[in-house]
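Structural overview
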Amino acid sequence: MGKGESSSKKMITKEDWEKKLSDVKLRKEDMNKLVMNFLVTEGYVEAAEKFQVESGTQPEVELGTITDRMAVRKAVQSGNMEDAIEKVNDLDPEILDTNPQLFFHLQQQRLIELIRNGRLEEALEFAQEELAPRGAENHAFLEELERTVALLAFEDTSGCPVAELLDLSQRQKTASELNAAILTSQSHEKDPKLPSLLKMLIWAQNQLDEKASYPHINDLVNATLEEPVA
Amino acid sequence: MPASAACTKSEDLVESLSSLDTMARLKALRDVKNQIIGNKTKKLSYIKLGAVPRVVEILASDSDVPLLVQSAAAVGSFACGNDVGVKALLESGVLPHLLKMLSNSNSQVVEAGARSLKMIFQSTLAPKNDMFQGRRVDLILALLNGENDNVAEVAASVLARCCETEEHQKVLAEAGCLQSLIGLLGGSVKKREAALDALAALTRGNQEISSLLIDMEQGNAVACLIKLIKEKSPRTRLFACMCLLNIAKACSSGYQQEWDIKKCMLSTVVKLFEELGQVGEEAPGVLADLVTNNEELQKAAYEINAVEKLAEILHRGVISVRQLEGVLLAIAELCSRLEDGRRQILNLQGQYHIGMALESSTAGVRIAACSCIKSISRSVKNLRTSLTEEHLVRSLFKLLDDPSPLVQYHRPCSGVAKFTLMYCNFACVCIQLRIHESFSRAQYFNRYVSALGAASNIVLDFTPHKAVFFNCGGVSQLIQLARSMDSVLRQNAVWALRNLLYLADMMAKERVMRELTFSTLVDLICDSEEIVQEQALAFVRNLVYGSVECVQLIFAQDGAILHAVERQLCGATRPEVCVQGVYVLSNVAAGSEHHKEAIMEFVSPIAIGDRSASILLRFLQDMSNPQIRVAAVWCIMNLIHADSPGVLSRVLRLHDAGIQLQLQKMAEDPILDVKDRVRAALEQFSALGTSA
């Protein structure tokens, strides 16, 4: 009940807002931990090492394991699936044994790479020997299996309805899945905390919008405070 | 560097595993390992090719770190989720070698060995008993307390699997593992979960150990567990609940704030239904455990929509056996006393899935389904409406032939008077099955007994059930069992048949008698055991109740039945036998003139010379048995029923036998029922114009 929404919202000037912000106390250690968490999760080993030296922040995991993990990621991103599989098995043989979906995706990626390199006969044999049993072991994989094998049917893959499988972004997808699995096996959170905080910011702003008019942060990169809109 | 794409034949690889050249061995090992990880088909094929003994050989005799690590990894992979592999490994004697690896100086080797041990122990074939040999328990404990986190985690999970018997639990507790496990609760998530798993296994059904835990660290151990109910990880929450449940069960004296904690556990566990994997599978079973015999908690669970959520899971269709069993047990508990719960599960069409579960190939699921039906059928309304589906009743009767060893006897209601039967709580419409290790004849026999007990309930007055019962050959089964060598079996079979005849129509009665035969009935009436006699007489009572045609049945085979009844009445010592017998007389006396005369012949014979006291007098004077007094009065009332021609002569005879006098003495009988009957009878006498 009132004259209208805009007039019932509380109005906060940029000056007042900035003052309120400066009253909030944050600890440097906490921010450093956030940064380290991001670097470690995303796998930036050298940066993490340097950061550790410069800030004295302890990484949450042995940086050596990050190197191993990054080697796996690199192998996948280069399309070197057999190598990637060997490496992850050396790192932790349990991962692929206990993640049938992940294993299937790695095999799938292997097939895609064989097709990409024009080794169609090998691809066919591989599909039969390695992928078909996965489908037999688990019917949930059959649909994806069919999609992948469809690549073999097309001479000119650019017109193929499943052409996106050949995109390099597919490698990215597989690499991320594998990375997440390795992180989980190391009892590490698979997502860095920083994105969650940013999401929280956007959500909080949306909530506050209903009650007040205040300076927004719309550009997350620069984090500049915009003038409040009446 | 692309790996070699050359396809090495599997057989060659297996050969190379035994090569004398170390490098060749290592390469073959790695290749095999990389082929089998994640690939069930390859695991099985390599097992067939005999790879396992060769890998174990490397594990046993090689000392090279890479060879040890790779062979351990291969062993772990062969075992992972694969009982065939576990079997092959155990047969190749892998266990002692793996245990040796745990004491190796190289941490990589130790970790690899630990991982593989964990894989083996996740299987049901795990060599639990072997772990109690020699100093192995001490070894595991040392690892539990050791520096290496991963190894400590494995040690805890191995312990968790080695607690199957009370003996095992005792040994482990005495070796001091409780303290170590509590210590692990503060560690990483995985370590904590492995420790909780072990604590839950140790406290399961074990009051002593549960008490130890309560006292540990002046209650701090339990306080820690309570905090863990609110942890982020679903597995932690579930295992913490399991531990606390075990403790609560063992120590019924309760601890402070128990109700609040249980309520908290309740909402936690119900939320866990939605989790994937092991947690979602186990959560319903934990709920069932939590609310057992606790009506308040059951109500609370109902209020947070537990029944709805359980029904939802049922409707999913594709769920694991373990989860199904847990869900059914939970439903059984939530419907055991709550009419709301029963109503809701039926509204949500739960009975369809429960019916299907009755035919599951897993005994545990059948048990749980039976419990459900038992709970739901506690509502008479439900018995009459929702549970009458023929397929459901058929499935229940199929269970009469269930191959599972032990069936627990559930006592049917012991309705005596006609009107109490109607109001009895028909608790069991089904048979409860329990799995036991040893299969013994006695247990097999008990199965029939309870099945019959259950059958008695199901046939009582619920017409839809009766029809189905006839149609699926239940009668024949019962009749067969009535001829059994065992008296308890006979008793129960006849009991069920008696219930079948209750208020049944002539056609049903004729059908039953055709199969049973009158001579068998006579045998049963004259059975060597009085418990059987009682049921047989009750059977006859129901048989002749009703129309004149029904009464006539007692005169079959030259009145053999009637004579048998009379004989028993004269000689029986057990009061229940006499009660039923007198009711038989009473029912027959309700028939035609001819029938009344036949009864008179027995109760007040016109014998010339020495006239022994009417047997009815004996019953009327029996102050220890109110029921028989009532029955006797009924009999008299039927004999002197005003509308029949020869009533006056009967009245006179009974008067002369001292019956009327006796009744007058009973005008102030202490039992109300008796008093009322007597007064009514005396009114009849006076209406017919006799005086004392």
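The coordinates are above.
Residues numbered from 1 in each chain as written. Chains lettered and ligands numbered in written order. Predicted model: local features only at pLDDT ≥ 70, side-chain atom pairs only at ≥ 80, totals over all residues. Heavy atoms only, no water.

**Regarding the interface of chain B and chain A**
A common measure of how large an interface is: the accessible area buried when the components associate. Taken residue by residue, the interface counts 25 residues in chain B and 27 residues in chain A. Buried surface at the junction of chain B and chain A, both sides included, amounts to about 1900 Å², of which 40% is carbon and sulfur. Sorting the residues of chain B by area buried against chain A places Asn34, Ile37 and Arg115 of chain B first, and these three jointly supply 26% of that buried surface. At the boundary of chain B and chain A, one finds 8 salt bridges. At the boundary of chain B and chain A, one finds 12 residue pairs in polar contact (both at pLDDT 80 or more). Mapped onto the side of chain B that touches chain A, the elements with two or more residues apiece are helix H2 (22–36), helix H3 (40–48), helix H5 (65–79) and helix H8 (107–121) of chain B. Of the residues belonging to the side of chain B that touches chain A, the class tally is 9 nonpolar, 7 polar and 9 charged. (Contact = heavy atoms within 4.5 Å. Buried area = accessible area lost by both parts, 1.4 Å probe. Salt bridge = Lys/Arg side-chain N within 4 Å of Asp/Glu carboxyl O. Polar contact = N/O pair within 3.5 Å; in protein donor to acceptor, adjacent residues only side chain to side chain. Helix = DSSP H or I, 4+ residues; strand = E, 2+ residues; numbered from the N terminus. Nonpolar A, V, L, I, M, F, W, Y, C, P; charged D, E, K, R; others polar.)

**Focus on the state of the cysteines**
Residues and elements named next belong to chain B. Enumeration according to the criterion identifies 0 disulfides over all chains in this entry. Among the cysteines around cysteine 163, which has no disulfide bond, cysteine 177 carries the closest sulfur, lying 6.9 Å off. Under the relative-accessibility criterion, cysteine 177 is labelled buried at 0%. (Disulfide = S-S within 2.5 Å. Buried < 20%, exposed > 50% of the residue type's maximum accessible area, 1.4 Å probe, protein only.)

**Brief notes about the pattern of salt bridges**
Taken as a whole and assessed by the stated rule, the structure comprises 40 salt bridges over all chains. Aspartate 90 of chain A is paired through a salt bridge with lysine 33 of chain B; the nearest N and O atoms lie 3.1 Å apart. Placement of the pair is aspartate 90 of chain A in helix H6 (residues 81–91) and lysine 33 of chain B in helix H2, with the two residues belonging to separate chains. Classification of aspartate 90 of chain A by relative accessible area gives partly exposed; the value is 39%. Arginine 322 of chain B serves as the salt-bridge partner of glutamate 282 of chain B, at 3.0 Å between the closest nitrogen and oxygen. Of the two residues, glutamate 282 of chain B is situated in helix H18 (residues 277–291) and arginine 322 of chain B in helix H21 (residues 321–334); the sequence distance between them amounts to 40 residues. Exposure remark for glutamate 282 of chain B: the relative accessible area of 14% places this residue in the buried category. Residue classification places arginine 322 of chain B among the partly exposed positions, given a relative accessible area of 47%. Through salt bridges with shared partners, a single network forms among Asp92 and Glu94 of chain A together with Arg115, Lys118 and Glu153 of chain B.

**Quick look at the environment of aspartate 219 of chain A**
All names here are of chain A. Looking at the element boundaries, aspartate 219 is found in the segment after strand E2 (212–213). Residue aspartate 219 is classed as partly exposed on the basis of its relative accessible area, which comes to 27%. A distance of 3.0 Å separates a polar side-chain atom of aspartate 219 from the backbone nitrogen of valine 221.

**Thoughts on the packing of aromatic side chains**
Both the distance between ring centres and the angle between the ring planes are used here to describe each pair of aromatic rings. All chains considered together, the criterion is met by 3 aromatic pairs over all chains. Taking 4.6 Å as the distance between ring centres and 5° as the angle between the ring planes, the aromatic pair formed by phenylalanine 104 of chain A and phenylalanine 141 of chain A counts as stacked. In this pair, phenylalanine 104 of chain A sits in helix H8 (residues 100–116) while phenylalanine 141 of chain A sits in the loop between helix H9 (120–137) and helix H10 (142–153), placing the two residues 37 residues apart along the sequence. According to the relative accessible area criterion, phenylalanine 104 of chain A is buried, its value standing at 0%. On the accessibility criterion, phenylalanine 141 of chain A (7% relative accessible area) is buried. If you follow arginine 541 of chain B out to its NZ or CZ, it ends over the ring of tyrosine 583 of chain B, 3.9 Å from the centre. Between the NZ or CZ atom of arginine 677 of chain B and the centre of the ring of tryptophan 634 of chain B, over which it lies, the distance is 4.3 Å. (Phe/Tyr/Trp six-rings, centres within 6.5 Å; stacked < 30°, edge-to-face > 60°. Lys NZ or Arg CZ within 6 Å of the ring centre and 35° of its normal.)

**Brief notes about the nonpolar core**
The tendency in soluble globular proteins is for nonpolar side chains to be buried side by side. Residues and elements named next belong to chain B. One finds Phe78, Leu117, Leu144, Leu181, Leu287 and Leu328 to be the most contacted residues of the largest nonpolar core, which totals 137 residues. It is helix H16 (residues 234–250) that contributes the most residues to this core, 9 residues altogether. Apart from the residues within four sequence positions on either side, phenylalanine 78 is in contact with Val32, Ile36, Lys43, Tyr46, Ile47, Ala51, Val52, Val55, Gly85, Val86 and Leu89. Counting residues in each nonpolar core, the second largest holds 83 residues, with Ile479, Ile554, Leu617 and Cys635 among its members. (Core = buried A, V, L, I, M, F, W, Y, C linked by side-chain atoms within 4.5 Å.)

**Considerations on empty space enclosed by the protein**
Residue and element names in this part refer to chain B. Applying the stated criterion across every chain yields a total of 4 cavities of 30 Å³ or more. For the largest cavity, the calculated volume is near 50 Å³. Together, Met131, Phe132, Arg136, Val137, Ile140, Val158, Leu159, Cys162 and Leu172 line the largest cavity. A total of 3 residues in the lining of the largest cavity trace back to one element, the largest contributor, which is helix H9 (residues 136–144). For the lining of the largest cavity, the residue count by class is 8 nonpolar, no polar and 1 charged. (1 Å grid on protein atoms, 1.4 Å probe; cavity = no way out; pocket = protein on both sides within 12 Å on 5 of 7 lines; lining within 4 Å. Points joined across faces, edges and corners; volume = space filled by probe spheres on them.)

**Comments concerning the packing of helix H34 (residues 530–544) of chain B against helix H37 (residues 575–589) of chain B**
Residue and element names in this part refer to chain B. Relative orientation of the contacting elements H34 and H37 amounts to 15°, with a least axis distance of 8 Å. If you check the angle between H34 and H37, you find them roughly parallel. For the crossing formed where H34 meets H37, the hand is left-handed. Seen from H34, the contacting residues are Glu530, Gln533, Glu534, Leu537, Ala538, Val540, Arg541 and Val544; seen from H37, they are Glu576, Val577, Gln580, Gly581, Tyr583, Val584, Asn587 and Val588. Of the residues belonging to the contact of H34 with H37, the class tally is 8 nonpolar, 4 polar and 4 charged. (Axes fitted to C-alpha atoms, helices over the stretch in contact; angles between N-to-C directions. Parallel < 35°, antiparallel > 145°, perpendicular 65-115°, else oblique. Left-handed = near helix turned anticlockwise from the far one by under 90°.)

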